[in-house]
Amino acid sequence: MPKRSTSRLTDVELHGRLGRMFPERLDTARLLLRPIAPIDAAAIFDGYAQDPEVTRFLTWRPHATIAETETHIARCQLETQSKTYVLVGRRDGKVIGSFALRRVARHSLGYGYVLARPFWGMGLMTEVLSHAARWALDQAEIWRIGDVCDCENIGSARVMEKAGLEREGLLRRWIVAPNVSSEPRDCFAYVRSR
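Predicted, not measured: the structure shown is a model, and the values here were computed from it. Each chain has its residues counted from 1, following the order in which its sequence is written. Where local features are concerned, this predicted model is filtered to residues with pLDDT of at least 70; where side-chain atom pairs are given and counted, the filter is 80 or more; whole-chain, interface and lining totals use all residues. Side-chain measures here rest on the full set of heavy atoms in the structure, leaving out hydrogens and waters.

Our next topic: the overall build of the chain. Segments assigned H or I by DSSP are reported as helices when at least four residues long, segments assigned E as strands when at least two residues long, and all are numbered from the N terminus. Counting secondary structure elements, the chain contains five helices and eight strands. When the elements of the chain are put in sequence order from the N terminus, they spell out α-β-β-α-α-β-β-β-α-β-α-β-β. Going through the 194 residues of the chain one by one, you find that 45% of them count as buried. The contacts in the chain between residues at least 6 apart in sequence include a share of 63% that link residues at least 24 apart. On the chain, roughly 10800 Å² of surface is accessible, and the fraction owed to carbon and sulfur atoms is 53%. A simple rule labels every residue: compare its accessible area, found with a 1.4 Å probe on the protein chains alone, to the largest value its type can have, and call it buried under 20%, exposed over 50%, or partly exposed in between. We call two residues in contact whenever any of their non-hydrogen atoms come within 4.5 Å of each other. Per-residue and other accessible areas follow the Shrake-Rupley method at a 1.4 Å probe size, with only the shown protein chains counted as cover for residues.

What follows is the structure in structure tokens.
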């Protein structure tokens, strides 16, 4: 029987490998990112999930009940093409946001993030995204990491730029932000590649 090449993986093999490829945790200078868990529901609900200002440009509406947050956590844990982490302060152990890595193609990762409003403007999400982008591009299978933000979401655009991602273009009518409009909205695309 001929020896099988290990340099080319089938889609099924790569799917399994990338499903396991996401790190169990990520550590930055000020934060620990660990997998989201049911125990985080109250902190997420109280900290940011019900805040209309925090969720303004997100693809989901603010949570009205903690049961919605629990359902969200359960969905995150079932995902095989992504991994969602909570952001935990190193000093106080407080959950202050979340960050997700997503496999969007064989060679590419996407991401999403949310941060409780009291922690805006401290460079925390830039720290997280910078670290995650470096980690992603250190993986042999990954050649790019990128995602989008609503054109009016200046804060998120700044986070991506400060994290070393470049604006790749404008995507017209790309995503629905239900807290802003029921119509698809324009987005900026950002990427970092090797």
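Alright, that's what it looks like, and here's the rest.
Bringing the packing of helix α4 (residues 124–137) against helix α5 (residues 154–162) into the picture now. Between two packed helices, the angle of one axis relative to the other and the distance separating the axes together describe the packing. Where α4 meets α5, the closest approach of the two axes is 8 Å, and the angle between their N-to-C directions is 45°. By the angle class used here, α4 and α5 are oblique. For the crossing formed where α4 meets α5, the hand is right-handed. Only Val-159, Met-160 and Lys-162 of α5 make contact with α4, whose side of the interface consists of Met-125, Thr-126, Leu-129 and Ser-130. Each residue is assigned to one of three groups, with Ala, Val, Leu, Ile, Met, Phe, Trp, Tyr, Cys and Pro labelled nonpolar, Asp, Glu, Lys and Arg labelled charged, and all others, Gly among them, labelled polar. Of the residues belonging to the contact of α4 with α5, the class tally is four nonpolar, two polar and one charged. Every axis corresponds to a line fitted to the C-alpha atoms, with the helix fit spanning only the stretch in contact, and the corresponding angles, defined between N-to-C directions, vary from 0 to 180 degrees. Note on angle classes: values under 35 degrees are labelled roughly parallel, values over 145 roughly antiparallel, values of 65 to 115 roughly perpendicular, and the remainder oblique. Two helices that cross are described as forming a left-handed crossing if the nearer one is turned anticlockwise from the farther one by less than a right angle, and a right-handed crossing if clockwise.

Note on aromatic contacts: the rings of Phe and Tyr and the six-membered ring of Trp form a pair at centre separations within 6.5 Å, being stacked when their planes are under 30 degrees apart, edge-to-face when over 60 apart, and tilted otherwise. Taken as a whole, this structure holds two aromatic pairs when the rule is applied. Seen from their ring centres, Phe-99 and Tyr-111 are 6.4 Å apart, and the 10° between their planes marks the pair as stacked. One end of the pair, Phe-99, is in strand β4 (residues 95–105); the other, Tyr-111, is in strand β5 (residues 108–115), with twelve residues separating them in the sequence. You can call Tyr-111 buried: its relative accessible area is 3%.

As a further point, take the environment of Trp-143. Tracing the backbone through its elements, the reader meets Trp-143 in the loop between α4 and β6 (144–150). Since its relative accessible area comes to 44%, Trp-143 is described here as partly exposed. Linking Trp-143 and Leu-109, residues 34 residues apart in sequence, is a C-alpha distance of 8.5 Å. Apart from the residues lying within four places of it in its own chain, the contact partners of Trp-143 are His-107, Leu-137, Arg-192, Ser-193 and Arg-194.

Let us now look at the pairing of β4. Here β4 lies mainly inside the structure; eight of its eleven residues are buried. The hairpin formed by strand β3 (residues 82–89) and β4 contains five residues between the paired strands, and Gly-93 there has a positive phi angle of roughly 70°. From the end of β4 to the start of β5, which pair antiparallel, there are two residues. For two strands to be treated as a pair, DSSP must find no fewer than two bridges joining them.

To continue, consider the environment of Met-21. When you line up the elements, Met-21 lands in helix α1 (residues 11–21). Put simply, Met-21 and Ala-136 are 115 residues apart on the chain and 9.7 Å apart in space, counted from C-alpha to C-alpha. Beyond its immediate chain neighbours, meaning those up to four positions away, Met-21 contacts Trp-135, Gln-139 and Ile-142.

Turning to the nonpolar core, a few remarks are in order. What is meant by a nonpolar core is a set of buried Ala, Val, Leu, Ile, Met, Phe, Trp, Tyr and Cys residues, joined one to another through side-chain atoms within 4.5 Å. Leu-87, Phe-99, Leu-101, Tyr-111 and Leu-129 are the most contacted members of the largest nonpolar core, which totals 48 residues. Top element by residues in this core is α4. It accounts for nine residues. When near neighbours in sequence (up to four residues on either side) are disregarded, Tyr-111 contacts Phe-99, Ala-100, Leu-101, Arg-102, Leu-129, Ile-145, Gly-146, Asp-147, Met-160, Leu-165 and Tyr-190.

By themselves, these figures tell us nothing about what the structure is for.
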